[in-house]
Amino acid sequence: MGIYFNPGNEGFRKAAGSKIYIDKSGLLNFTNELFREEKNCVSVSHARRFGKSQAAEMLESYYSRGCNSKELFSPLEISKSPDFDKHLNKYNVIHIDVSSFADDYKDDIVKAIKATLFKEIKAVYPDVDYNSSTASILAGVYEKTITPDNPNGIKFVIILDEWDCVIRNFSDSPELVHEYMQFLHALFKSKEAKTFLGLGYITGILPIKKIKDESALNNFKEYTMIQSDELTPYFGFTEEEVRNLCTQYDMSFDSVKEWYNGYLINGKHMYNPNSVSEAMQKKKIAPYWKNTSAFETINTYITMNFDGLKEDIIAMLSGEKVYVNVRTFENDFSTIASKDDALTALIHLGYLAFDEEECSAYIPNYEVSDAYQSAISKGKWSEVAKTISRCEELLLLTIKKKAEKVAELIALSHETYTSILKYNDENALSCAITMAYFTAPAYYTVVREFPSGKGFADIVMIPRADSGNKPAMIIELKYDKTADAAIRQIKENRYSGLLSGYGSEVLLVGINYDKDTKTHECVIETVNGI
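Given the structure is predicted, the values throughout are model-derived calculations rather than measurements. (Residues numbered from 1 in each chain as written. Predicted model: local features only at pLDDT ≥ 70, side-chain atom pairs only at ≥ 80, totals over all residues. Heavy atoms only, no water.)

Engineer: Help me out: how do you make sense of the overall build of the chain in this one?
Structural biologist: When helices and strands are counted, the chain shows 23 helices and 16 strands. Per-residue burial over the chain gives 57% buried out of 530 residues. Carbon together with sulfur atoms contributes 46% to the accessible area of the chain, which is approximately 23,100 Å² in total. Charge-centre separation for the chain: the mean point of 60 positive side chains lies 2 Å from the mean point of 75 negative side chains. (Helix = DSSP H or I, 4+ residues; strand = E, 2+ residues; numbered from the N terminus. Buried < 20%, exposed > 50% of the residue type's maximum accessible area, 1.4 Å probe, protein only. Areas by Shrake-Rupley, 256 points an atom, 1.4 Å probe, with all protein chains shown as cover. Lys, Arg positive; Asp, Glu negative; His and termini not counted. Charge placed at Lys NZ, Arg CZ, Asp CG, Glu CD.)

Engineer: Help me understand the nonpolar core, please; the structure alone is not making it clear to me.
Structural biologist: Nonpolar side chains in soluble globular proteins tend to be buried together. Counting 58 residues, the largest nonpolar core has Ile-314, Leu-317, Leu-352, Tyr-372 and Tyr-417 as the members making the most contacts within it. Once residues lying within four places of it in the same chain are set aside, the contact partners of Tyr-417 are Ile-314, Val-384, Thr-387, Ile-388, Ala-432 and Met-435. In this structure, Ile-94, Leu-138, Trp-163 and Ile-167 belong to the second largest nonpolar core, which totals 45 residues. (Core = buried A, V, L, I, M, F, W, Y, C linked by side-chain atoms within 4.5 Å. Contact = heavy atoms within 4.5 Å.)

Engineer: For this particular structure, what's the right way to read the sheet that holds strand E4 (residues 197–204)?
Structural biologist: Whether parallel or antiparallel, the strands of a sheet pair through hydrogen bonds between backbone atoms. Spatially, five strands are ordered E2-E3-E4-E1-E5 in an open sheet, and the strand pairing comes out parallel. Two strands close off the open sheet at either side, each with one partner strand: strand E2 (92–97) and strand E5 (220–224). Across the sheet, the mean angle from the axis of one strand to that of its neighbour is 10 degrees, orientation sign disregarded. Relative to E4, strand E1 (residues 41–45) runs parallel, the two being bridged by five bridges. Bridge pairing links Val-44 to Thr-203 in E4. Strands E2 and strand E3 (156–161) of the sheet are contacted by helix H8 (residues 134–144), whose axis makes an angle of about 145 degrees with E3. (Pairing = 2+ DSSP bridges. Axes fitted to C-alpha atoms, helices over the stretch in contact; angles between N-to-C directions.)

Engineer: Whenever I open this one, a negative patch on the surface confuses me. Can you help?
Structural biologist: Together, Asp-229, Glu-230, Glu-356 and Glu-357 make up a region of like negative charge exposed at the surface. Considering the arrangement of structural elements, one finds Glu-230 in the loop between E5 and strand E6 (237–238). Exposure remark for Glu-230: the relative accessible area of 44% places this residue in the partly exposed category. (Patch = residues over 30% accessible without salt bridge, like charges linked within 9 Å, V, L, I, M, F, W, Y side chains within 5 Å. Salt bridge = Lys/Arg side-chain N within 4 Å of Asp/Glu carboxyl O.)

Engineer: Would you mind showing me how to read the pattern of salt bridges here?
Structural biologist: Between side chains of opposite charge, pairing is possible as soon as their charged atoms come close. In the structure shown here, the tally under the stated rule is 17 salt bridges. In this structure, Lys-70 engages Asp-85 in a salt bridge whose closest nitrogen and oxygen atoms are separated by 3.3 Å. In this pair, Lys-70 is assigned in helix H4 (residues 70–73) and Asp-85 in helix H5 (residues 84–87), connecting sequence segments 15 residues apart. The class for Lys-70 is partly exposed, based on a relative accessible area of 39%. Between Lys-282 and Glu-278 there is a salt bridge, and its shortest N-O distance comes to 3.2 Å. With a gap of four residues between them, Lys-282 and Glu-278 both fall in helix H14 (residues 273–282), about one helical turn apart.

Engineer: Please explain the packing of aromatic side chains as it appears in this structure.
Structural biologist: Aromatic ring pairs: the centre-centre distance and the angle between the two ring planes describe each pair. Applying the stated criterion across every chain, the model contains 22 aromatic pairs. Each ring, one from Phe-5 and one from Phe-156, has its centre 6.4 Å from the other, and the planes form 40 degrees; the classification is tilted. Linking Phe-5 in the segment before helix H1 (10–16) with Phe-156 in strand E3, this pair joins segments that are 151 residues apart in sequence. One exposure class covers both Phe-5 and Phe-156, and it is buried. Cluster of aromatic residues (ring-pair linked, three or more members): Phe-12, Tyr-21, Phe-35, Tyr-62, Tyr-63, Phe-73, Phe-84 and Tyr-91. Here the guanidinium or amino end of Arg-243 rests over the ring plane of Phe-253, the centre of that ring lying 4.0 Å away. When the ring centre of Tyr-443 is taken as reference, the NZ or CZ atom of Lys-470 above it lies at 4.4 Å. (Phe/Tyr/Trp six-rings, centres within 6.5 Å; stacked < 30°, edge-to-face > 60°. Lys NZ or Arg CZ within 6 Å of the ring centre and 35° of its normal.)

Engineer: Would you explain the environment of Leu-309 in this entry?
Structural biologist: By the secondary structure assignment, Leu-309 is in helix H16 (residues 309–317). Residue Leu-309 is classed as buried on the basis of its relative accessible area, which comes to 0%. C-alpha separation for the pair Leu-309 and Asn-274, spaced 35 residues apart in sequence, amounts to 29 Å. If near-sequence neighbours (up to four positions away) are discounted, Leu-309 is found in contact with Tyr-301, Ile-302, Met-304, Lys-339, Ala-342 and Leu-343.

Engineer: Hey, could you run me through the sheet that holds strand E10 (residues 353–355) in this one?
Structural biologist: Strand order in the open sheet made by the three strands is E9-E11-E10, with antiparallel pairing throughout. Edge strands, defined here as strands with exactly one partner in the open sheet, are strand E9 (322–323) and E10.

Engineer: Help me out: how do you make sense of the side chain of Asn-261 in this one?
Structural biologist: Within the fold, Asn-261 resides in the loop between helix H13 (253–260) and strand E7 (263–265). Ignoring anything within four residues of it in the chain, the contact list for Asn-261 reads Glu-239, Val-256, His-269, Met-270, Tyr-271, Pro-364 and Asn-365.

Engineer: Honestly, the packing of helix H6 (residues 98–105) against helix H7 (residues 109–124) in this entry has me stumped. Any pointers?
Structural biologist: Packed helices, taken two at a time, are described by their axes: the angle between them and the distance between them. The geometry of H6 relative to H7 is characterised by a closest axis approach of 9 Å and an angle of 120 degrees between their N-to-C directions. The orientation of H6 with respect to H7, classified from their angle, is oblique. As H6 runs across H7, the sense of the crossing is right-handed. Only Ile-109, Ala-112, Ile-113 and Thr-116 of H7 make contact with H6, whose side of the interface consists of Phe-101, Ala-102 and Tyr-105. The class makeup of the residues in the contact of H6 with H7 is six nonpolar, one polar and no charged. (Parallel < 35°, antiparallel > 145°, perpendicular 65-115°, else oblique. Left-handed = near helix turned anticlockwise from the far one by under 90°. Nonpolar A, V, L, I, M, F, W, Y, C, P; charged D, E, K, R; others polar.)

Take it as geometry only, folks, not as evidence of what the structure does.
As structure tokens, this is what we get:
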């Protein structure tokens, strides 16, 4: 049992025994099938903290000859498969986290990986020519495992975590990238690999990039944040899994959904598993996917000087979806050449979600919105940052029914966002109002264009059970009319009936903008006991 060659199962054992563990071993049914196929290599590129490394540890624990994992996997879904024992701990496994070598060895990454790996393999298979090429060494090891009792020999399962870190971090070192790509070619695509490789499995953030003058890894099946097909349920938590956790930990599903849902991958709603787990264990809804690098990364892309990019970001922050052509992206963060490239990069990083049916990007949930808020507060968008910083104040003033002050802050928001947007009409006002109440989703389920029997209420805010003693709100917008007219419309159309059964007070908020005088007016009334 080694660290990189035929590792043990300690990592996955710890994960499977943790307080919160969702069985994703069904992934092994998929990878087991690949041993029968000519195209036996898989690339999984998903955002950080979406379970890629845990899945890699599961694979090494299941396939590695360096441990006995039958008892570990027996309670899991994979144990029901007829092929469970056929593949269990039957392969020579190589598992390398490339980023750990990139951090420690930089220009000597490939040399360091080879030296470390072959030292471990040599301890088990000494009678191989270790002065030959990588592909020849692994082929030589494989040949040593062919016996009369095992004429097919022992194949390799090769797992690379963060395989793309060299491509991402060393794009200015073409010689190193070339050496690394040649190493990958030896592992997964060489003539020798056709004999010794049973399964290739690589994880990263970026899809595979075709590098000029390099042989592309076109023998890999790719699964991404945009297109994940049958692997979608195995990365992230499904809605059913999150519902069950909320029941188990007595947490509000509505709040968890508002904060962590929103990734729509192949029609399935997926949740950030790290954030959900943190929320359950700490019994607290909070932004757990927030760190300094996230702020820097978001600002890197949203402040790029591409026409329409800033407007699209504001539109998404206000709850809209925007069209994006993901096909132009070259799978490289260093060659962003358009607005579409910038948005696609944010999709792969998990800071935007993608609706494949509508070809559109959007902010998936409040946790990600909060990351944008923090990034903007530390970045170059000073006018937006100033407006967002007043959102909590605006919400409190609305609850206290300070209508004049509310109108002042709405005016600030409207002025800020109409200077960015290419339109100055009712839609701009609606966007400005939504952005003015940017932090409301931390406490409310916010619904725009809420349907009723007599039309649509512009914005309805329904407080969640764990948000304290906050009132529900119905906000109606008017353009070149009066705030009183907005209140009358709420009453006449009986929008408040939308909240029937809601026993506490409901605020009726009417907002009007006069485009001639460029003034904002607000009226707030209370309705009790709907």
